[in-house]
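Residue-level listing of the chains:
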Amino acid sequence: MQNWLSPMEWQAVLISAKVAFWATLAITPMAFLTAYALVRWEFPGKTILNGLAHLPLILPPVVTGYMLLLLFGTQGFIGGWLQDIGIVLAFRWTGAAVAAGVMAFPLMVRALRLSLEAIDIRLEQAAATLGASPIWVFATVTVPLMIPGLLTGTILSFAKALGEFGATITFAANIPGQTQTIPSAIYALLQVPGQEDAAARLVVISVSIALAALFLSEALARRAHKRLEGL
Amino acid sequence: MLEVQARHRFTEFELNVDFAASNGITVLFGPSGSGKSTIANLVAGLLRPQDGRVVLGDRVLSDRQHDIWVPPHRRRIGYVFQDARLLPHLTVRKNLLYGRWFAKVRSNPEEFTHVVALLGLQSLLERRPAHLSGGEKQRVAIGRALLSKPDLIIADEPLAALDQARKAEILPYFERLRDEISTPMLYVSHSSSEVSRLASTVVTLSGGRVLQQGDPASVFGDPAILPMGPRGAGSVLDVVVVRQHSDGLTELSAGGQPLFVPHTPHAVGTSVSVRIAAHDVILARKLPEEISALNIVPGVVTQIHKGDGPGAMVALQSQAGRFLARVTQRSVQRLNLAPGTDCFAIIKSVAIAPRDIH
């Protein structure tokens, strides 16, 4: 594999994987909480939360990246404060992870929301009559029944984070070995004549990962469905 | 002992009830929309009444005036839902053990074995709910409620979603519970045959109010306040098809007592149940001779209830099971009927229609 890819391409693959892994891991609990709040809780500002969670899905990615720069840049509202405690996100791989996470967030929320909405509340009532307190109902009924959605959401978010381009390049730039992910590497290669072969290799990797993620999430969803519904 | 006093107003319906349930099976009986399931949910804590109190034994479960509210998971009330509601991600075994895990009083392994045997669940233990039939699911749901060591079991129309054959499969299990397990049960039903087979006490409901409360014979003996009218009263016997006779009759056996009914297509050896309407039963003190009726069943009077009208409901215990006979009060006097009296129940074969046999 390393012989087939140049060091620069191989680095892009590794950075992409690192960025996507941490992005997915970081947004999972937040997306879970958001989905739970949107489905199960009534509170003022619910529509606003719903809008905010879905914003990255509909905004041009470059706008999302620019807003991240405004918020988390070293001069930014939150970024300045983070810098004081020694954390810099802009133009670092961590920044690429933040951008990828923000862009993948709506996909994860949607997947979790759908699986939570599909849970029959009456099953939770039944568990309560058997002596399970709300926390136990959550841990032994709600979460297990959400696992198919959690798997689908994680896989889709990972694939999305792996391929995120617009917000990442705006917020974290395109520094080889630092913040250059697969898509930003493809972009860089296409800017220079004669690099089509290298670009093509990365395109093949991108397409394979995306298809594998889709098939995997479909297969897991089917398996979970079969287990629960007996179909 | 369960005491319920509750008022709850919905947009188009007001529930206002006051009743008590003691040991055995208390059936909440009434047409749909009479408030039966609402009461079940109030008692289980799935619905919070706007006013009133629920007391189970020495525990106050809810009391609006004193602001007492015990959440469902601390009520120790096992609930058998109409749609079973088994946890789909757990095997039958884990469903059965789910409630036991939370119970304060740890049950012993023998109890698990006993309940599994009682409900015939041995072969299902490793299956998932999705692979069970409706009747099997309901049996698991009953077992699951029992094993949570409840102080009360609520069954909300547990047979309503099942077809006739499955109903006949599940009913005997409830009878075994009533006879073998001391946990009291609140059983919601709109079927008079379930009442006559299961009830120790009946609470009849209509339009969100309690009409009457008492033993089945006395409740069914009062036609004026029976929600379905006196024609709804009857008894159900478990029988086995013994023989198909060449003259078009089918011979059944109810606990050894032969019964002749018009031809039914059920195969010899199958277990079925026969519903006998109370007004189709004639009572006699002496064994009648030269009578056209083919079925004469000896029994003992257990209860007599006189209604406001001229009628009376007589409950009998016989080898074939429990009977209800609706006769006139004049007949009760003429025959000198009283609890303990031996008599014969006479049932015309042709009075039993094919739809009474399941």
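Structural notes, computed from the coordinates. Fair warning: this is a prediction, and the values are worked out from it, not measured in the lab.

Scoring rules and cut-offs
Residues numbered from 1 in each chain as written. Chains lettered and ligands numbered in written order. Predicted model: local features only at pLDDT ≥ 70, side-chain atom pairs only at ≥ 80, totals over all residues. Heavy atoms only, no water. Buried < 20%, exposed > 50% of the residue type's maximum accessible area, 1.4 Å probe, protein only. Helix = DSSP H or I, 4+ residues; strand = E, 2+ residues; numbered from the N terminus. Expected span 1.5 Å × (residues − 1). Arc of directions from axis to C-beta. Contact = heavy atoms within 4.5 Å. Buried area = accessible area lost by both parts, 1.4 Å probe. Salt bridge = Lys/Arg side-chain N within 4 Å of Asp/Glu carboxyl O. Polar contact = N/O pair within 3.5 Å; in protein donor to acceptor, adjacent residues only side chain to side chain. Nonpolar A, V, L, I, M, F, W, Y, C, P; charged D, E, K, R; others polar. Core = buried A, V, L, I, M, F, W, Y, C linked by side-chain atoms within 4.5 Å. Pairing = 2+ DSSP bridges. Axes fitted to C-alpha atoms, helices over the stretch in contact; angles between N-to-C directions. Phe/Tyr/Trp six-rings, centres within 6.5 Å; stacked < 30°, edge-to-face > 60°. Lys NZ or Arg CZ within 6 Å of the ring centre and 35° of its normal.

## What to know about helix 1 (residues 36–44) of chain B
Then, number 1: Within helix 1 of chain B, seven of the nine residues are buried, which leaves the element mostly enclosed by the surrounding structure.
Then, number 2: Remark: Gly 45 of chain B follows helix 1 of chain B within two positions and exhibits a positive phi of approximately 90°.

## Regarding helix 3 (residues 61–72) of chain A
All names here are of chain A.
Then, number 1: Between its terminal C-alpha atoms helix 3 stretches 16 Å, which fits the 16 Å expected from twelve residues at 1.5 Å a residue.
Then, number 2: Every buried residue of helix 3 is listed here: Thr 64, Gly 65 and Leu 68. Down the axis of helix 3, the smallest arc covering the buried residues is 100°, so these residues share one side.
Then, number 3: Where helix 3 is buried, its residues meet helix 2 (46–58), helix 5 (93–117) and helix 8 (166–172).

## Remarks on the interface of chain B and chain A
Then, number 1: At the interface, 22 residues of chain B touch 21 residues of chain A.
Then, number 2: With both sides pooled, the region where chain B packs onto chain A buries about 2,100 Å², and carbon together with sulfur makes up 66% of that total.
Then, number 3: Linking chain B with chain A are one salt bridge, by the criterion used here.
Then, number 4: At the boundary of chain B and chain A, one finds five residue pairs in polar contact (both at pLDDT 80 or more).
Then, number 5: When contributions to the side of chain B that touches chain A are tallied by element, the ones reaching two or more residues are strand 7 (77–80), helix 2 (92–102) and helix 4 (134–147) of chain B.
Then, number 6: A total of four residues in the side of chain B that touches chain A trace back to one element, the largest contributor, which is helix 2 of chain B.
Then, number 7: Its residues assigned to classes, the side of chain B that touches chain A comprises 13 nonpolar, five polar and four charged.

## Quick look at the nonpolar core
Residues and elements named next belong to chain B.
Then, number 1: Leu 96, Phe 174, Leu 177, Met 185 and Tyr 187 are the most contacted members of the largest nonpolar core, which has 40 residues in total.
Then, number 2: Among the secondary structure elements, those contributing two or more residues to this core are strand 3 (25–29), helix 2, helix 3 (109–118), helix 4, strand 8 (152–156), helix 5 (164–180), strand 9 (185–189) and helix 6 (192–198).
Then, number 3: Here the element with the most residues in this core is helix 4; it accounts for six residues.
Then, number 4: Once you skip the residues sitting within four places of it in the chain, Met 185 turns out to touch Gly 24, Ile 25, Thr 26, Leu 152, Ile 153, Ala 155, Phe 174 and Leu 177.
Then, number 5: One finds Val 261, Val 281, Ile 347 and Ile 352 within the second-largest nonpolar core, a separate group that totals 28 residues.

## Notes on the sheet that holds strand 14 (residues 257–262) of chain B
Residue and element names in this part refer to chain B.
Then, number 1: If you trace the four strands from one edge of the open sheet to the other, you get 14-13-12-15, paired in antiparallel fashion. Taken across any chain shown, the strands that pair with only one partner, and hence form the sheet edges, are strand 14 and strand 15 (271–277). Mean inter-strand twist for the sheet, computed between neighbouring axes without regard to direction, equals 45°.
Then, number 2: Across four bridges, strand 12 (residues 234–244) lies against strand 13 (residues 249–254) in antiparallel orientation. Counterpart to Val 241 in the pairing with strand 13 is Leu 252.

## Focus: the packing of aromatic side chains
A ring pair, where both rings are aromatic, is described by two values, the distance of the centres and the angle of the planes.
Then, number 1: Considering all chains together, one arrives at ten aromatic pairs over all chains under this definition.
Then, number 2: Taken together, a centroid distance of 6.0 Å and an interplanar angle of 85° make the contact between Phe 32 of chain A and Phe 138 of chain A edge-to-face. Taken together, the residues Phe 32 of chain A in helix 1 (residues 7–40) and Phe 138 of chain A in helix 7 (residues 134–163) connect sequence positions 106 residues apart.
Then, number 3: Relative accessible area serves as the criterion here: at 16%, Phe 32 of chain A is assigned to the buried category.
Then, number 4: With centroids separated by 5.3 Å and ring planes inclined at 50°, the aromatic side chains of Phe 165 of chain A and Tyr 187 of chain A adopt a geometry described as tilted. Remark: Tyr 187 of chain A occurs in helix 9 (residues 182–191) and Phe 165 of chain A occurs in the loop between helix 7 and helix 8; sequence separation between them is 22 residues.
Then, number 5: On the basis of relative accessibility, which here comes to 40%, the residue Tyr 187 of chain A falls in the partly exposed class.
Then, number 6: One aromatic cluster is present, formed by Phe 32, Tyr 36, Trp 41 and Phe 138 of chain A through successive ring pairs.
Then, number 7: Positioned over the ring face of Trp 93 of chain A is Lys 18 of chain A, at 4.4 Å from the centre of the ring.
Then, number 8: In this arrangement the basic side chain of Arg 75 of chain B is found over the ring face of Trp 69 of chain B, its NZ or CZ atom lying 4.6 Å from the centre.

## Structural notes on the pattern of salt bridges
Then, number 1: All told, the structure shown has 18 salt bridges over all chains when counted by the stated rule.
Then, number 2: Ionic pairing is found between Arg 122 of chain A and Asp 83 of chain B, a salt bridge with its closest N-O pair at 2.8 Å. Of this pair, Arg 122 of chain A sits in helix 6 (residues 121–129) while Asp 83 of chain B sits in the loop between strand 7 and helix 2, placing the two residues on different chains.
Then, number 3: Of the residues examined, Asp 83 of chain B reaches a relative accessible area of 35% and is grouped as partly exposed.
Then, number 4: A salt bridge links Asp 63 of chain B to Arg 53 of chain B; the nearest nitrogen and oxygen atoms lie 2.8 Å apart. On the criterion of sequence distance, the pair formed by Asp 63 of chain B in strand 5 (residues 59–63) and Arg 53 of chain B in strand 4 (residues 51–56) is long-range, its members being ten residues apart.
Then, number 5: According to the relative accessible area criterion, Asp 63 of chain B is buried, its value standing at 5%.
Then, number 6: A cluster of three or more residues bridged by salt bridges with shared partners is formed by Asp 120 and Arg 122 of chain A together with Asp 83 and Arg 85 of chain B.

Distances and angles like these do not, on their own, reveal function.
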